[in-house]
Amino acid sequence: MKVMVFADMEGVSGIVTWGRVGSGKPMYDEGRRLFTAEVNAAVRGASRSGAVEIVVVDVHGAGGDNKGNSLIPEMLDPACEWVAHHPGTRYTELLEQGADACLMVGYHARAHTPDGVLSHTVTSVKWRNFWFNGVLVGEIGINAALCGHYGCPVLLVTGDVAACREATALLGDGLTTVAVKRGLTRYSARQIPPVRARKMIEEGAFRALQDLKAVSPFVPSPPVTISAEITMAEMMEDFRGRPGLELDYDSLKVTSRADTWMKAWDQFWPWSV
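What you are looking at is a predicted structure, and each value in this text was computed from that prediction instead of being measured. (Residues numbered from 1 in each chain as written. Predicted model: local features only at pLDDT ≥ 70, side-chain atom pairs only at ≥ 80, totals over all residues. Heavy atoms only, no water.)

1. Re the overall build of the protein
Thinking step 1. Helices and strands together make up the secondary structure of the protein, namely six helices and twelve strands.
Thinking step 2. Expressed as lengths along the three principal axes of its C-alpha atoms, the size of the protein is roughly 50 × 40 × 35 Å.
Thinking step 3. Mean positive and mean negative side-chain charge positions of the protein (27 and 31 charges, respectively) differ by 5 Å. (Helix = DSSP H or I, 4+ residues; strand = E, 2+ residues; numbered from the N terminus. Lys, Arg positive; Asp, Glu negative; His and termini not counted. Charge placed at Lys NZ, Arg CZ, Asp CG, Glu CD.)

In structure tokens, the structure reads:
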């Protein structure tokens, strides 16, 4: 069994402010330790389930040289390999080889979710909302669609209550979720202590991988329309002149249409980003 683990940082127990997830911030190192330990918990669960290849992909944008590079190498469980500092949503090697399942660890809710701890979609500066075929999605939906393009189901999502709720609504009741905290505001939460949260994640990963058919791959129906609401008018200029995109300056929306999700995504999100 081949298992992909997408790992984000904001949904980890013990993390409620940007200071623990941003490169160079005073508490970033503590955040990295908490992050790595939760990823290890998922790896242990996958190993117990019989996974023979586990690839962890760091998708957290901490900034600078730590963009996609927040995991602590010497702490990582030796049962996995990991991808660091690769462009977002662009590591597909294991998916192309036939990954059996994806586990998402440390995820947060989409932008404008009132009880979502550190809620945002990709960045809290440039994007306000994303839609796939009119369905409002966050980073859970983006990564699930990437997996779905290759026929790989997402079987586990961990994070706060809001992220788990969002994931279940999108992917179905067969999804296994592990909520390690409950947002009180965007910057506060009632949390499960990390030691117990890790045990929950390990058990959740093990349980999720017992049934590889529990969740269908998330594949937006073709033809696919991806729409994004941009925060400020000057940021629309980043999309000017790109083939396949429609720009509406009145509503600050960028739209990409194509026969498949991947083609629509490629038009919208260049590989180099």
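2. Considerations on helix α3 (residues 139–149)
Thinking step 1. For α3, a buried count of ten out of eleven residues is recorded, marking the element as mostly surrounded by other parts of the structure.
Thinking step 2. All of the buried residues in α3 are Glu139, Ile140, Gly141, Ile142, Asn143, Ala144, Ala145, Leu146, Cys147 and Gly148.
Thinking step 3. Downstream of α3 by one or two residues, Gly151 has phi in the positive range, about 80°. (Buried < 20%, exposed > 50% of the residue type's maximum accessible area, 1.4 Å probe, protein only.)

3. Describing the state of the cysteines
Thinking step 1. Counting across every chain of the model gives zero disulfides.
Thinking step 2. The cysteine Cys80 is free of any disulfide, with Cys102 supplying the nearest cysteine sulfur at 14 Å.
Thinking step 3. Under the relative-accessibility criterion, Cys80 is labelled buried at 10%.
Thinking step 4. The thiol of Cys102 is unpaired, and the distance to the nearest cysteine sulfur, on Cys147, comes to 3.8 Å. (Disulfide = S-S within 2.5 Å.)

4. Details of the packing of helix α1 (residues 28–48) against helix α5 (residues 194–208)
Thinking step 1. The geometry of α1 relative to α5 is characterised by a closest axis approach of 7 Å and an angle of 30° between their N-to-C directions. Viewed along their axes, α1 and α5 adopt a mutual orientation that is roughly parallel. Between α1 and α5 lies a crossing whose hand is right-handed. Judged by residue contacts, Leu34, Ala37, Glu38, Ala41, Ala42, Arg44, Gly45, Ala46 and Arg48 of α1 engage Pro194, Ala197, Arg198, Ile201, Glu202, Glu203, Ala205 and Phe206 from α5. (Axes fitted to C-alpha atoms, helices over the stretch in contact; angles between N-to-C directions. Parallel < 35°, antiparallel > 145°, perpendicular 65-115°, else oblique. Left-handed = near helix turned anticlockwise from the far one by under 90°. Contact = heavy atoms within 4.5 Å.)

5. Details of the pairing of strand β5 (residues 127–132)
Thinking step 1. Within β5, five of the six residues are buried, leaving the element largely enclosed by the surrounding structure.
Thinking step 2. Across five bridges, the pairing between β5 and strand β10 (residues 224–230) is antiparallel. Bridging across to β10, Asn129 finds its partner in Glu229.
Thinking step 3. Following β5, the chain reverses through two residues before pairing antiparallel with strand β6 (residues 135–137); Asn133 in that reversal takes a positive phi of roughly 50°. (Pairing = 2+ DSSP bridges.)

6. A closer look at unusual backbone geometry
Thinking step 1. The peptide bond linking Pro222 to Pro223 adopts the cis configuration, its omega dihedral lying at -10°.
Thinking step 2. Here His85, not a glycine, exhibits a phi torsion of approximately 60°, which is positive.
Thinking step 3. When you line up the elements, His85 lands in the loop between β3 (81–83) and α2 (93–97).
Thinking step 4. The class of His85 is partly exposed, set by a relative accessible area of 44%.

7. Quick word on the sheet that holds strand β7 (residues 154–160)
Thinking step 1. One open sheet holds the seven strands; their spatial order is β3-β2-β1-β4-β7-β8-β9, and the pairing between them is mixed. For this open sheet the edge positions go to β3 and β9 (188–191), each flanked by a neighbour on one side alone. Within this sheet the neighbouring strands show an average axis-to-axis angle of 25°, counted without direction.
Thinking step 2. In the sheet, strand β4 (residues 101–107) pairs with β7 via four bridges, with the strands oriented parallel. Bridge pairing links Leu103 to Leu156 in β7.
Thinking step 3. Against the sheet, helix α4 (residues 161–171) engages β4, β7 and β8 (176–185), with an angle of about 155° to β7.

8. Details of the sheet that holds β10
Thinking step 1. If you trace the five strands from one edge of the open sheet to the other, you get β6-β5-β10-β12-β11, paired in antiparallel fashion. Each edge of the open sheet is held by one strand with a lone partner, namely β6 and β11 (245–248). On average, each strand axis in the sheet is tilted by 25° relative to the strand beside it, whichever way the strands run.
Thinking step 2. In the sheet, β10 pairs with strand β12 (residues 253–258) via six bridges, with the strands oriented antiparallel. Each residue of the ladder has a partner; that of Ile226, found in β12, is Ser256.
Thinking step 3. In this fold helix α6 (residues 261–268) packs onto β5, β10, β11 and β12, with an angle of close to 140° to the strand it touches most, β12.

9. What to know about α5
Thinking step 1. Along its 15 residues, α5 runs 20 Å from first to last C-alpha, staying within 8% of the 21 Å computed at 1.5 Å per residue.
Thinking step 2. Listed as buried for α5 are Ala197, Ile201, Glu202, Gly204, Ala205 and Ala208. Down the axis, α5 shows its buried residues gathered within 165° of arc, on one side only. Opposite the buried face of α5, at more than 90 degrees from it, the exposed residues are Val195 and Lys199.
Thinking step 3. In this structure, the buried side of α5 is in contact with α1, β4, β7 and β8. (Expected span 1.5 Å × (residues − 1). Arc of directions from axis to C-beta.)

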